[in-house]
Amino acid sequence: MHVDRNTFRTAMSRFGAAVSVITTDGPGGRCGFTCTAVCSVTDEPATVLVCVHKDSRTNQAFKTNLVLCVNLLNADQGELSASFAGQAGDDMEARFRRVSWSTRKTGAPVFDNAVATLDCSIAEIKEFGTHNIMFARVYSAEARPEQVPLMYFNRGYHGLGPIGIGLPLSTAGAAGG
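K.L.:
Looking at this structure, how should I read the pairing of strand β9 (residues 116-128)?
P.N.:
Across a regular strand the side chains alternate sides, sitting on one face of the sheet and then on the other. Pairing analysis gives six bridges linking strand β6 (residues 67-72) to β9, with the strands arranged antiparallel. Bridge pairing links C69 to D119 in β9. The pairing of β9 with strand β10 (residues 131-143) spans 12 bridges and is antiparallel. Along β10, the bridge assignment pairs T117 with E142. As consecutive antiparallel partners, β9 and β10 are separated by two residues, and within that stretch G129 has a phi angle of approximately 55 degrees, a positive value.

The structure is reproduced here in structure tokens:
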């Protein structure tokens with residue numbers, strides 16, 4: 001017998017996770033969504049996996065465009081995270097107006113002020129349960145070590161301190177949450 005959904009979600013809320021906005025652009029349209037389900041798969045070739053709900057409005061765009069960018073948000077971007085999560089009532093164009101961005105090799109939007117970015121092409125998509133797992137090969141990567149990442153823990157946003165000590169957003173000087 002498997003654990004029930006609520007017990008599982010409560011336990012998972014105790015797993016601290018980096019907050020990213022996953023973006024795409026191409027024939028399927030420009031869109032993005034807030035995500036904590038990003039994981040390194042291998043470094044040769046550099047590959048990550050990203051999970052997206054099969055019923056989300058953005059799922060089909062990623063399947064059509066076959067490119068994505070992982071934009072690891074900084075601690076000041078809690079409101080941006082909420083916007084791309086659909087919590088601010090913004091349409092997709094308004095979400096992208098909230099952030100300065102450019103493009104790299106794949107054409108997926110790359111946030112200019114992200115802690116790190118991974119510009120990727122989608123190599124494979126696997127369906128499992130309620131989600132699609134996108135395996136994406138990384139074509140360019142950038143990191144800004146002076147930035148403090150936005151973390152999601154216990155159903156709230158937190159900044160990660162410079163020596164690895166979790167700080168509430170108010171202490172980290174971040175907005176939103």
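K.L.:
Just checking my understanding: could you explain the sheet that holds strand β2 (residues 20-24) for this structure?
P.N.:
Either a parallel or an antiparallel arrangement is found when strands of a sheet pair, and the pairing is made through backbone hydrogen bonds. Read from one edge to the other, the open sheet built from seven strands follows the order β3-β2-β6-β9-β10-β5-β4, with strand pairing classed as antiparallel. A single partner strand is all that each edge strand has here, and the edge strands are β3 (31-35) and β4 (38-43). In this sheet, adjacent strand axes meet at a mean angle of 30 degrees when their direction is disregarded. In this structure, β2 lies alongside β3, joined through five bridges in antiparallel fashion. Among the inter-strand pairings, T24 is bridged to a residue of β3, identified as C31.

K.L.:
Looking at this structure, I do not really get unusual backbone geometry. What am I missing?
P.N.:
Excluding glycine, residues mostly have negative phi values, and the peptide bonds linking residues are mostly trans. Omega for the peptide link from E44 to P45 comes to -5 degrees, which places this bond in the cis form. The residue P45 is located in the loop between β4 and β5 (46-53) in this model. Its identity is not glycine, yet L66 carries a phi of approximately 55 degrees, on the positive side.

K.L.:
I keep staring at the pairing of β2 and nothing clicks. Help me out?
P.N.:
With respect to burial, β2 is a largely interior element, five of its five residues being buried. Side chains S20, I22 and T24 project from β2 onto one buried face, and the interleaved V21 and T23 project onto a second face that is buried too. In textbook terms, the turn of a hairpin is the stretch between consecutive antiparallel strands, and for β2 and β3 this stretch comprises six residues, one of which, G26, has a positive phi near 155 degrees. The pairing of β2 with β6 spans four bridges and is classified as antiparallel. Directly across from V21, in β6, lies its bridge partner N71.

K.L.:
What's the story with the pattern of salt bridges in this structure? I'm lost.
P.N.:
Pairing is possible between side chains of opposite charge, provided their charged atoms come close. In this structure the tally under the stated criterion is six salt bridges. Here K54 and E127 are joined by a salt bridge, their closest N and O atoms 3.2 Å apart. Of this pair, K54 sits in the loop between β5 and α2 (59-65) while E127 sits in strand β9; the two residues are 73 residues apart in sequence, bridging distant segments of the chain. Overall, K54 belongs to the partly exposed group, its relative accessible area being 27%. E127 sits in the exposed class, given a relative accessible area of 57%. Note that R144 and E142 form a salt bridge whose closest N and O atoms lie 3.5 Å from each other. Overlapping salt bridges, with partners in common, bring together R104, E142 and R144 in one network.

Definitions and cut-offs
Residues numbered from 1 in each chain as written. Predicted model: local features only at pLDDT ≥ 70, side-chain atom pairs only at ≥ 80, totals over all residues. Heavy atoms only, no water. Pairing = 2+ DSSP bridges. Helix = DSSP H or I, 4+ residues; strand = E, 2+ residues; numbered from the N terminus. Axes fitted to C-alpha atoms, helices over the stretch in contact; angles between N-to-C directions. Buried < 20%, exposed > 50% of the residue type's maximum accessible area, 1.4 Å probe, protein only. Salt bridge = Lys/Arg side-chain N within 4 Å of Asp/Glu carboxyl O.

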